[in-house]
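Tertiary structure, described
This is what each chain is made of:
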Amino acid sequence: LRKNLGKSFRLATMSFLFPGMAGIAVGLFFGYSLMTATMIGVFFSSHSIIAYPILSKLGLAKKEAVSVTIGATAITDISSLVLFAICLPIHTTGFHIGPFVLQLLYIVGFIPLIIFGFKWLGKVVFRHLGNDAAEQMVFLLLVVGISARVAELVNIEPIVGAFLAGLAVSTTLPDLGVRNQLDVLGNTLFI
């Protein structure tokens, strides 16, 4: 993602806005309110790379086009879930400035806290754990679980917290064995 951030961001913008606008248009066409139509647009905007394990087996996962697509998918999915976290309370209880601003503050505080906080924590913990792959995997799963729970407490989808924590900590992994185990786990259970 870091290597191709500009290209991933441009692709994410296009692949987020066009389906999102189409979803809003469909919602409005069928007579839904603007907020409901916006939520439909948010649902249309997220997508996944279901073919990633196949691309990886074929040795294509490191190609620039695949990296850009994976980065764009991460950006669009996080954006969709964050927008959903903003839209859902407005849709269910109506727009109130206090809760709306509070939710925005939660989001603005949560994302950097998870990314930078767990990246720092990962460096510190992995330095002290040594090369024990089991302990490293337990720490990774613990961080992902904690982040998911904290996200839930601030009304953000838990998958956003888990994903951000995984991104932050996985960059600090010292051992390729754990990275391979993580790839197997991710490809088997999540992709």
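Refer to the structure printed above.
Structure report, in brief. Remember, predicted model here, so these are calculated numbers, not experimental data.

1. Quick notes on helix α2 (residues 34-45)
Given a rise of 1.5 Å per residue, 12 residues ought to cover 16 Å, and the 16 Å separating the end C-alpha atoms of α2 matches this to within 8%. Looking at α2, one finds that the buried residues are Thr 36, Ala 37, Met 39, Gly 41, Val 42 and Ser 45. As for α2, its buried residues are in contact with α1 (5-29) and α4 (64-93).

2. A look at the packing of aromatic side chains
Applying the stated criterion across every chain, the model contains 3 aromatic pairs. An angle of 85° between the planes, with centres 5.2 Å apart, marks the rings of Phe 29 and Phe 30 as edge-to-face. The exposure classification of Phe 29 matches that of Phe 30, with both residues exposed. Each ring, one from Phe 126 and one from Phe 139, has its centre 5.3 Å from the other, and the planes form 80°; the classification is edge-to-face. Pair noted here: Phe 126 is in helix α5 (residues 97-129) and Phe 139 is in helix α6 (residues 133-153), with a separation of 13 residues, a long-range link.

3. What to know about the packing of α4 against α5
Interhelical geometry of α4 versus α5 gives an angle of 160° and a closest axis separation of 10 Å. With respect to their mutual orientation, α4 and α5 come out roughly antiparallel. Relative to α5, the crossing made by α4 is right-handed. Two secondary-structure elements touch here, α4 through Val 82, Ala 85, Ile 86 and Ile 90 and α5 through Phe 100, Gln 103, Leu 104, Ile 107 and Ile 111. Broken down by class, the residue content of the contact of α4 with α5 amounts to 8 nonpolar, 1 polar and no charged.

4. Regarding a nonpolar patch on the surface
Where nonpolar side chains cluster on the molecular surface, the patch consists of Val 26, Phe 29, Phe 30, Tyr 32, Phe 43 and Phe 44 and spans about 700 Å² of accessible area. The set of elements that each furnish at least two residues to the nonpolar patch consists of α1 and α2. With respect to the helices and strands, Val 26 occurs in helix α1. Classification of Val 26 by relative accessible area gives partly exposed; the value is 35%.

5. Observations concerning the pattern of salt bridges
Applying the stated criterion across every chain yields a total of 2 salt bridges. A salt bridge links Lys 7 to Glu 64, with the shortest nitrogen-to-oxygen separation between them at 2.2 Å. Here the residue Lys 7 occupies a position in helix α1, and Glu 64 occupies one in helix α4, the gap between them amounting to 57 residues. Assessed through its relative accessible area of 41%, Glu 64 is described here as partly exposed. When the shortest N-O distance is used, the salt bridge between Arg 149 and Glu 152 registers 2.9 Å. Here Arg 149 pairs with Glu 152, and both are found in helix α6, just 3 residues apart, close to one helical turn. Accessibility expressed as a relative area gives 45% for Arg 149, which makes it partly exposed. What makes Glu 152 partly exposed here is its relative accessible area of 43%.

Reading the values: the criteria
- Residues numbered from 1 in each chain as written.
- Predicted model: local features only at pLDDT ≥ 70, side-chain atom pairs only at ≥ 80, totals over all residues.
- Heavy atoms only, no water.
- Helix = DSSP H or I, 4+ residues; strand = E, 2+ residues; numbered from the N terminus.
- Expected span 1.5 Å × (residues − 1).
- Buried < 20%, exposed > 50% of the residue type's maximum accessible area, 1.4 Å probe, protein only.
- Contact = heavy atoms within 4.5 Å.
- Phe/Tyr/Trp six-rings, centres within 6.5 Å; stacked < 30°, edge-to-face > 60°.
- Axes fitted to C-alpha atoms, helices over the stretch in contact; angles between N-to-C directions.
- Parallel < 35°, antiparallel > 145°, perpendicular 65-115°, else oblique.
- Left-handed = near helix turned anticlockwise from the far one by under 90°.
- Nonpolar A, V, L, I, M, F, W, Y, C, P; charged D, E, K, R; others polar.
- Patch = residues over 30% accessible without salt bridge, like charges linked within 9 Å, V, L, I, M, F, W, Y side chains within 5 Å.
- Areas by Shrake-Rupley, 256 points an atom, 1.4 Å probe, with all protein chains shown as cover.
- Salt bridge = Lys/Arg side-chain N within 4 Å of Asp/Glu carboxyl O.

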